[in-house]
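Spelled out, the chains give:
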Amino acid sequence: MEQRVQAAEEQIAHLVRVVEELSDVLARQAGDIERLSRRVGLLLEREAEREADGAGGIPLADQRPPHW
């Protein structure tokens, strides 16, 4: 009986460690996603300003590729 209790305690300790590691990974990924989202937002704003400054031109995304 004592062996079963000890085995269960070892499994619980292992699972607690794994959950803590996964929590750390998740927190780091959430920070990365937030940072990347901010950078994409800044790039979108910068591109919108650049397109607005170049008034009169056809936006690059709307131009036909040269093979058409």
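In this text, all values refer to a predicted model and were calculated from it rather than measured experimentally.

Draft legend 1. Geometry of the overall build of the protein. Along the backbone of the protein there are one helix and zero strands. By the burial criterion, 0% of the 68 residues in the protein qualify as buried. Of the roughly 6,700 Å² of accessible surface on the protein, 58% is carried by carbon and sulfur atoms.

Draft legend 2. Quick look at the pattern of salt bridges. Enumeration according to the criterion identifies four salt bridges in this entry. The closest approach of N and O atoms between glutamate 21 and arginine 17, which form a salt bridge, is 3.7 Å. With glutamate 21 and arginine 17 both in helix α1 (residues 2–53) and four residues apart, the pair spans about one turn of that helix. Take glutamate 21: its relative accessible area is 43%, and that puts it in the partly exposed class. Arginine 38 is the salt-bridge partner of glutamate 34, the closest N and O atoms lying 3.2 Å from each other.

Cut-offs used in this document
Residues numbered from 1 in each chain as written. Predicted model: local features only at pLDDT ≥ 70, side-chain atom pairs only at ≥ 80, totals over all residues. Heavy atoms only, no water. Helix = DSSP H or I, 4+ residues; strand = E, 2+ residues; numbered from the N terminus. Buried < 20%, exposed > 50% of the residue type's maximum accessible area, 1.4 Å probe, protein only. Areas by Shrake-Rupley, 256 points an atom, 1.4 Å probe, with all protein chains shown as cover. Salt bridge = Lys/Arg side-chain N within 4 Å of Asp/Glu carboxyl O.

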